[in-house]
Amino acid sequence: MLIDIHPSWKNVLSEEFDKPYFTDLVAFVKSEYATKRCFPKDSQIFSAFDWCPFEDVKIVIIGQDPYHGMGQANGLCFSVNDGVPFPPSLQNIFKEIENDLGTPFPTSGNLERWAQQGILLLNATLTVRESEAGSHQNKGWEKFTDAVIQAISYKKEQVVFLLWGGFAQKKGAKIDRSKHCVLESGHPSPLSANRGFWFGNKHFSRTNSYLKSIGKKTIEW
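Reading guide: rules and limits
Residues numbered from 1 in each chain as written. Predicted model: local features only at pLDDT ≥ 70, side-chain atom pairs only at ≥ 80, totals over all residues. Heavy atoms only, no water. Helix = DSSP H or I, 4+ residues; strand = E, 2+ residues; numbered from the N terminus. Rg over C-alpha atoms; globule rule 2.2 N^0.38 Å. Buried < 20%, exposed > 50% of the residue type's maximum accessible area, 1.4 Å probe, protein only. Contact = heavy atoms within 4.5 Å. Lys, Arg positive; Asp, Glu negative; His and termini not counted. Charge placed at Lys NZ, Arg CZ, Asp CG, Glu CD. Pairing = 2+ DSSP bridges. Axes fitted to C-alpha atoms, helices over the stretch in contact; angles between N-to-C directions. Core = buried A, V, L, I, M, F, W, Y, C linked by side-chain atoms within 4.5 Å. Polar contact = N/O pair within 3.5 Å; in protein donor to acceptor, adjacent residues only side chain to side chain. Expected span 1.5 Å × (residues − 1). Salt bridge = Lys/Arg side-chain N within 4 Å of Asp/Glu carboxyl O.

The number of helices and strands found in the chain is 9 helices and 6 strands. For 221 residues, the compact-globule estimate of 2.2 N^0.38 gives 17 Å, and the chain sits close to it at 17 Å. Counting only C-alpha atoms and orienting by the principal axes, one finds that the chain spans roughly 45 × 35 × 25 Å. Residue burial in the chain is summarised as follows: out of 221 residues, 55% are buried. Restricting to contacts in the chain with at least 6 residues of sequence separation, those with at least 24 account for 65%. The averaged location of the 24 negative side-chain charges in the chain is 4 Å from the averaged location of its 25 positive side-chain charges.

Now the structure itself:
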């Protein structure tokens with residue numbers, strides 16, 4: 001696994017790469033990719049950062065770990081490769097966008113188009129073993145992505161953090177809410193959404209209203 005990450009993030013996170021936990025994490029991930037089928041492909045592990053340089057970050061969405069089915073994960077949370085059926089959570093995200101903004105249901109589940117507009121689509125764990133959800137948790141990724149969130153909170157201002165579900169809300173506990181916009185709701189997974197904790201949160205229109213209020217370009221969801 002090469003630390004092939006956008007230079008802007010290398011500057012921000014350079015101290016993390018030298019810490020013992022990260023050295024151990026790299027060794028673990030290299031071993032896993034050499035001996036088992038893992039996702040996303042190794043060239044896409046840091047895709048969230050490559051598609052959204054540090055200086056461009058306007059919004060952060062936090063997921064848990066990558067999709068673990070063949071051909072699904074592309075390094076961006078909730079996103080799937082073109083041609084892949086939409087997983088249930090992504091379907092519910094798109095339904096809420098459709099209801100909130102009155103826009104047509106998207107035809108592609110590849111969210112690179114979001115990342116290019118300044119949305120960091122950050123999974124807490126950046127890799128996973130095939131068909132084994134959570135298999136790369138507690139190996140160091142969480143420390144790394146905590147450092148990412150803290151760096152954004154500390155070094156930037158007026159970023160929108162979308163925290164969907166209890167996991168993301170815990171992950172975002174250290175965000176400085178005095179200088180950032182934090183929107184919270186239930187998770188878009190069917191279990192949460194069908195109990196009334198997702199639909200109607202209007203996070204997409206609320207995000208655009210906030211961006212407009214601070215003079216930033218709104219998102220084409």
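Right, let's get into the sheet that holds strand 6 (residues 181-185). As summarised here, the arrangement of the 4 strands in space is 3-2-5-6, forming an open sheet in which the pairing is parallel. This sheet does not close on itself; its edge strands, each paired only once, are strand 3 (119-123) and strand 6. Ignoring strand direction, the axes of neighbouring strands in this sheet form an average angle of 20°. Where strand 5 (residues 160-164) meets strand 6, 5 bridges bridge the pair, whose relative direction is parallel. Considered in strand 6, the bridge of Leu 163 is made with Glu 184.

Once that is clear, we can look at the nonpolar core. Phe 49, Trp 114, Leu 120 and Phe 144 are the most contacted members of the largest nonpolar core, which has 68 residues in total. Leaving out residues up to four positions away in the same chain, Leu 120 has contacts with Trp 9, Ala 48, Phe 49, Cys 52, Val 57, Ile 59, Val 60, Ile 61, Val 148 and Ile 152.

One can find Ser 153 in helix 6 (residues 141-155). Here Asp 176 takes part through its backbone nitrogen, which lies 2.9 Å from a polar atom of the side chain of Ser 153. Other than its neighbours up to four places away in sequence, Ser 153 contacts Phe 161, Lys 174, Ile 175, Asp 176, Lys 179 and His 180.

Taking 1.5 Å per residue, 15 residues should reach 21 Å; helix 6 reaches 21 Å between its end C-alpha atoms and fits that length. Taken together, the buried positions of helix 6 are Trp 141, Glu 142, Phe 144, Thr 145, Ala 147, Val 148, Ile 149, Ala 151, Ile 152 and Ser 153.

With that out of the way, let us pick up the environment of Gly 118. Mapped onto the secondary structure, Gly 118 falls in the loop between helix 5 (112-115) and strand 3. When the C-alpha atoms of Gly 118 and Ile 214 are compared, they prove to be 15 Å apart, with 96 residues separating the residues in sequence. When sequence neighbours within four positions are dropped, the list of residues in contact with Gly 118 reads Cys 52, Asp 56, Val 57, Lys 58 and Ile 59.

What follows deals with the pattern of salt bridges. Per the counting criterion, the structure on display carries 7 salt bridges. With its nearest N and O atoms 3.4 Å apart, the salt bridge here joins Glu 32 to Lys 36. The buried category is assigned to Glu 32, whose relative accessible area is 6%. Take Lys 36: its relative accessible area is 37%, and that puts it in the partly exposed class. A salt bridge links Glu 32 to Arg 129, with the nearest nitrogen and oxygen atoms 2.7 Å apart. In this pair, Glu 32 sits in helix 2 (residues 20-35) while Arg 129 sits in strand 4 (residues 128-129), placing the two residues 97 residues apart along the sequence.

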